[in-house]
2 protein chains.
Amino acid sequence: MKPVENKKPTREIKVVRRVLAVNERMAEQNRRRFAEKGVFVINVMSSPGSGKTTTLQKTLGRLMPEVRAAVIVGDVSTTHDADRLAVTGAPVVQVNTDAFGGDCHLAAHVIEKAADDIDLDAIELLIVENVGNLVCPAEFDIGEDARVVVLSVTEGEDKPVKYPTMFRTCDAAILNKIDLLPHLDYDKDQAIAYIRQVNPAMPIFEISARTGAGMDAWIEWLKAKVSSKLNARR
Amino acid sequence: MKPVENKKPTREIKVVRRVLAVNERMAEQNRRRFAEKGVFVINVMSSPGSGKTTTLQKTLGRLMPEVRAAVIVGDVSTTHDADRLAVTGAPVVQVNTDAFGGDCHLAAHVIEKAADDIDLDAIELLIVENVGNLVCPAEFDIGEDARVVVLSVTEGEDKPVKYPTMFRTCDAAILNKIDLLPHLDYDKDQAIAYIRQVNPAMPIFEISARTGAGMDAWIEWLKAKVSSKLNARR
């Protein structure tokens, strides 16, 4: 078993750097725009199938109408997630990245455009449900205030160390589907130790979006973040 | 809920096309090299945590020593999967893409280099375990003979329509973790209908890598592919 070094043509590296630099500037523009409106923006990322949409459905059900929220949801294709989130009553904007051959992440310029369809004066919280992918979305700042990664207990323990950029750059982790623990060979303590290895201070919320278990702590954390953003503007 | 068109700068699109065109040429070189040796190459892709590694562990246990196999395993970081696969006795080459800022897929030039560390005269089957990601790996031909997507029943039913390029370009699908079905709100018929919607003719193997259920049909399919590649060379 030998490790192989992944050598890329230099030109390709330069292009990737330029794309990221352009994205960084647009993300800062987004961040100023959201700050002026006192809107807290959260970027929710995960593997496909970790339960992001169900978690957000339940989260919106708990927050609204006390917290006024809107959602931008990114998928390569389909409006399934937007359809599921629209039933909460929150305004939902669907971004389909297959307009560009199936982009694997949401970039800052896409968020800028999607936000044009949301009345930012009418909300305090903008939730962005990113494309299901543990790699690329972590590289793209979209102008968010906080990043949350959702990890389900069916995905194995070692994802934090296999996808370290994602877990290092997130401000909180949600460990979802804990209702399935009795049926899995899953070492939860090991999973948490792996998260801590990459990001020692990150709060970890153990929940089941399906049953509602463990949601209180997550909701309180999110409400506190929204309040402090609003207070910063006053 | 309004769909947003994802407009990208034209220059970026051209760069992406050039990268893919270069990759295509290197993939064809790989394909010729593997064909000369009579080695059947399978590219195994999925979300993070779908059970690729466990599936391949069990697959190698069933195939070897009758079929002589080697593995190239791609991860952003860690050698966990290679460590798990090495116990099967198959030669394993680990590729860590974080040498290049955490690449989200295996490209043809990476496979070319990794294959240098494998004695192609000593094997009939080369299994490539790609980076866990349902988007980007689908765009990159690595010179494989067949593509297999692993989807676990914990990921929800609609992944085939949300990630259509992956399911459209694959030659077989493995529906894994069927031992968990009694504990999930999962509509297996709907999931299979979604796969059929994207790829009507694709064989679908329903398995539990953990319990071994359903593995026979998958092993027979793979053995037949390896034999026909060997016979093509004779």
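Residues numbered from 1 in each chain as written. Chains lettered and ligands numbered in written order. Predicted model: local features only at pLDDT ≥ 70, side-chain atom pairs only at ≥ 80, totals over all residues. Heavy atoms only, no water.

Caption draft 1: Geometry of the overall build of chain A. Along the backbone of chain A there are 8 helices and 8 strands. Its C-alpha atoms put chain A at 55 × 50 × 35 Å along the principal axes. Taking all 234 residues of chain A together, the buried fraction comes to 60%. Taking as baseline every contact in chain A between residues at least 6 positions apart, the subset at least 24 positions apart corresponds to 76%. Carbon and sulfur atoms make up 50% of the accessible area of chain A, which totals about 9000 Å². If you average the places of the 31 positive and of the 33 negative side-chain charges in chain A, the two averages end up 5 Å apart. (Helix = DSSP H or I, 4+ residues; strand = E, 2+ residues; numbered from the N terminus. Buried < 20%, exposed > 50% of the residue type's maximum accessible area, 1.4 Å probe, protein only. Contact = heavy atoms within 4.5 Å. Areas by Shrake-Rupley, 256 points an atom, 1.4 Å probe, with all protein chains shown as cover. Lys, Arg positive; Asp, Glu negative; His and termini not counted. Charge placed at Lys NZ, Arg CZ, Asp CG, Glu CD.)

Caption draft 2: Quick peek at the packing of helix α2 (residues 52-63) of chain B against helix α8 (residues 215-233) of chain B. All names here are of chain B. Packing of α2 against α8 leaves a shortest axis separation of 11 Å and a crossing angle of 65°. Judged by the angle between their axes, α2 and α8 are roughly perpendicular. At the point where α2 passes α8, the crossing takes the right-handed sense. Together, Thr55, Lys58, Thr59, Arg62 and Leu63 of α2 and Met215, Asp216, Trp218, Ile219, Leu222 and Lys223 of α8 make up the contact between the two elements. The residue inventory of the contact of α2 with α8, partitioned by class, reads 5 nonpolar, 2 polar and 4 charged. (Axes fitted to C-alpha atoms, helices over the stretch in contact; angles between N-to-C directions. Parallel < 35°, antiparallel > 145°, perpendicular 65-115°, else oblique. Left-handed = near helix turned anticlockwise from the far one by under 90°. Nonpolar A, V, L, I, M, F, W, Y, C, P; charged D, E, K, R; others polar.)

Caption draft 3: Up close: the pairing of strand β3 (residues 69-75) of chain B. Residues and elements named next belong to chain B. For β3, the tally of buried residues reaches 7 of 7 residues, placing the bulk of the element in the interior. Where β3 meets strand β5 (residues 125-129), 5 bridges bridge the pair, whose relative direction is parallel. Bridging from a neighbouring strand, Ala70 pairs with Leu126 of β5. On the question of chirality, the crossover connecting β3 to the parallel strand β4 (residues 92-96) by way of helix α3 (residues 80-86) is right-handed. (Pairing = 2+ DSSP bridges. Right-handed = clockwise from strand over helix to strand, strands pointing away.)

Caption draft 4: Up close: the nonpolar core. With 95 residues, the main nonpolar core has A:Ile72, A:Leu126, B:Ile72, B:Leu126 and B:Phe167 as its most contacted residues. When near neighbours in sequence (up to four residues on either side) are disregarded, B:Ile72 contacts B:Val93, B:Val95, B:Ile111, B:Ala114, B:Ala115, B:Ile118, B:Leu126, B:Ile127, B:Val128 and B:Glu129. (Core = buried A, V, L, I, M, F, W, Y, C linked by side-chain atoms within 4.5 Å.)

Caption draft 5: Quick peek at the pattern of salt bridges. Residues and elements named next belong to chain A. One pass over the full model with this rule turns up 34 salt bridges over all chains. The residue Glu66 makes a salt bridge to Lys223 at a minimum N-O spacing of 3.2 Å. Of this pair, Glu66 sits in the loop between α2 (52-63) and β3 (69-75) while Lys223 is found in helix α8 (residues 215-233), placing the two residues 157 residues apart along the sequence. Judged by relative accessible area, which is 58%, Glu66 ranks as exposed. (Salt bridge = Lys/Arg side-chain N within 4 Å of Asp/Glu carboxyl O.)

Caption draft 6: Quick peek at the environment of B:Val150. Residue and element names in this part refer to chain B. Relative to the helices and strands, Val150 resides in strand β6 (residues 146-152). For the pair Val150 and Leu175, spaced 25 residues apart in the sequence, the C-alpha separation amounts to 6.1 Å. The residues contacting Val150, other than those within four sequence positions of it, are Val44, Met45, Ser46, Ser47, Ser50, Lys52, Ile174 and Asn176.

Caption draft 7: Looking closely at the pairing of strand β7 (residues 172-176) of chain B. Residue and element names in this part refer to chain B. Within β7, 5 of the 5 residues are buried, which leaves it mostly tucked inside the rest of the structure. The two faces of β7 match: Ala172, Ile174 and Asn176 on one face and Ala173 and Leu175 on the other face are all buried. Of the pairings in the sheet, the one linking β6 to β7 comprises 5 bridges and is parallel in character. Within β7, the residue paired with Val150 across the bridge is Ile174. Note that β7 and strand β8 (residues 204-206) share 3 bridges and pair parallel. Paired with Ile174 across the two strands is Phe205, which belongs to β8. Once you follow β7 into helix α7 (residues 188-198) and on to β8, the crossover reads as right-handed.

Caption draft 8: Fine view of the packing of aromatic side chains. Residue and element names in this part refer to chain A. In the structure shown here, the tally under the stated rule is 6 aromatic pairs over all chains. Relative to Trp221, the ring of Trp218 lies with its centre 5.8 Å away and its plane at 20°, an arrangement referred to as stacked. You can see Trp218 and its partner Trp221 sitting in helix α8, 3 residues apart, about one turn around the helix. Taking the relative accessible area as the measure of exposure, Trp218 reaches 2% and is therefore buried. (Phe/Tyr/Trp six-rings, centres within 6.5 Å; stacked < 30°, edge-to-face > 60°.)

Caption draft 9: Main features of the confidence of the model for chain A. Averaged over every residue, the pLDDT of chain A is 92; the share at 70 or more is 91%. The ipTM value of the predicted complex is 0.88, and its pTM value is 0.91. (pLDDT = per-residue confidence, 0-100.)

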